[in-house]
Amino acid sequence: MERLRRYGFVAGFLVVPVALYSVFVISPYIQAFQLSLTSWNGYSSVVRYVGLDNFGRLFEDEVFWRALRNHGLLLLVLPIVTIVIALFLSFLLNLGGGTRGAGMKGVWGSTFYRVVYFFPQVLAVAVVGVLFQAVYRPDEDGVLNGVLGRFGVEPVGWLTEPGLALWSIMVVMVWQAVGFYVVLFSAGMAAIPRDYFEAAALDGAGRVRLFFSITLPLLRDTVQVGWIYLGIAAFDGFALILVLAGDKGEPDGATTILPVTIYKTAFAFNKVGYASAMGVALFFLTVTFAVLTLRTTRRERIEL
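Now, about the overall build of the protein: what can you tell me, with residues and values included?
Within the protein, the regular secondary structure consists of 13 helices and two strands. Across the 304 residues that make up the protein, the buried fraction comes to 37%. In the protein, once contacts between residues fewer than 6 apart in sequence are set aside, the share between residues at least 24 apart is 67%. For the protein, the computed accessible surface area is about 17600 Å², with 66% contributed by carbon and sulfur atoms. For the protein, the centre of its 23 positive side-chain charges and the centre of its 20 negative side-chain charges are spaced 9 Å apart.

Put into structure tokens, the structure is as follows:
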């Protein structure tokens, strides 16, 4: 009876969250899977099922494959660059000052730097997009071109050159994301006993050795979480790319990504069934990435 009351008490608290999650998360997923098997246009009261035809069309859709190539580049660059920069900054903020007094300390003013690094994370994505529209303006009035113009460099079309557009957007994505991962990795470093660093420093280990021999191995689980988050972000980028590059994938398909393509297919071309099939493909790509990352980076947990 006591166990029954305890389970009833726990279930009472879970009913509302589970119900909300089912209505607002699980139900839309189920509807998306259902719609992916239809040719519904989003308006008609008649829904015609076409089976797996929509998924067959994906294999012949050049725009779909171009979007996948762009996601592959994002998946390769965004996590690596963001994590490397965030780890470097976190190490400086927590341990870069060396041994002072009672233990290891960060660089001078580390608290202020944490606030500065985290500030881009506070801004809405649309605000960041509008801000970098001014930075990347292709004429001399653009912030970046204005600075380069002082050194005699001709204006560059950062968002209009096919070879530069996606890279320029990735710079913005890294700039906005780094602050969050600096805080995340700093929290992980703060959980590492300072005795480890102090003992290694007394044995003559420098900052590079402290980082690679102590910090990075003990921070591996946190880095794994950050990698998965950033991988999922690499499959998104909807709002930022929509603001900076529009929904046409310009220039020359260089900024084509699946979320924007799904949006345009559903609401501009009224092909909701086909757009849902793209969404299902994106769902499985994201889940596959997360599962593979967890399996390939799994190891025995290190107890501190």
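Describe the packing of aromatic side chains, with residues and values.
This model, assessed by the stated rule, comprises 18 aromatic pairs. Between Phe-33 and Phe-283, the ring centres sit 5.7 Å apart and the planes meet at 80°, which makes this aromatic pair edge-to-face. Pair noted here: Phe-33 is in helix α1 (residues 2-35) and Phe-283 is in helix α13 (residues 272-296), with a separation of 250 residues, a long-range link. The class for Phe-33 is partly exposed, based on a relative accessible area of 29%. Feature note: the residues Tyr-29, Phe-33, Phe-283 and Phe-284 constitute an aromatic cluster, connected by ring pairs.

Report on the pattern of salt bridges, specifying residues and quantitative values.
For the coordinates displayed, the defined rule picks out three salt bridges. As a salt-bridge pair, Glu-62 and Arg-66 come within 2.9 Å of each other at their nearest N and O atoms. Taken together, the residues span about one helical turn, with Glu-62 and Arg-66 both in helix α3 (residues 62-95) at a distance of four residues. Judged by relative accessible area, which is 54%, Glu-62 ranks as exposed. Of the charged contacts in the structure, one is a salt bridge between Asp-139 and Arg-137, with a shortest N-O distance of 2.8 Å. The class of Asp-139 is partly exposed, set by a relative accessible area of 29%.

Cut-offs and rules
- Residues numbered from 1 in each chain as written.
- Predicted model: local features only at pLDDT ≥ 70, side-chain atom pairs only at ≥ 80, totals over all residues.
- Heavy atoms only, no water.
- Helix = DSSP H or I, 4+ residues; strand = E, 2+ residues; numbered from the N terminus.
- Buried < 20%, exposed > 50% of the residue type's maximum accessible area, 1.4 Å probe, protein only.
- Contact = heavy atoms within 4.5 Å.
- Areas by Shrake-Rupley, 256 points an atom, 1.4 Å probe, with all protein chains shown as cover.
- Lys, Arg positive; Asp, Glu negative; His and termini not counted.
- Charge placed at Lys NZ, Arg CZ, Asp CG, Glu CD.
- Phe/Tyr/Trp six-rings, centres within 6.5 Å; stacked < 30°, edge-to-face > 60°.
- Salt bridge = Lys/Arg side-chain N within 4 Å of Asp/Glu carboxyl O.

Honestly, that's just the spatial picture; any functional story needs more than this.
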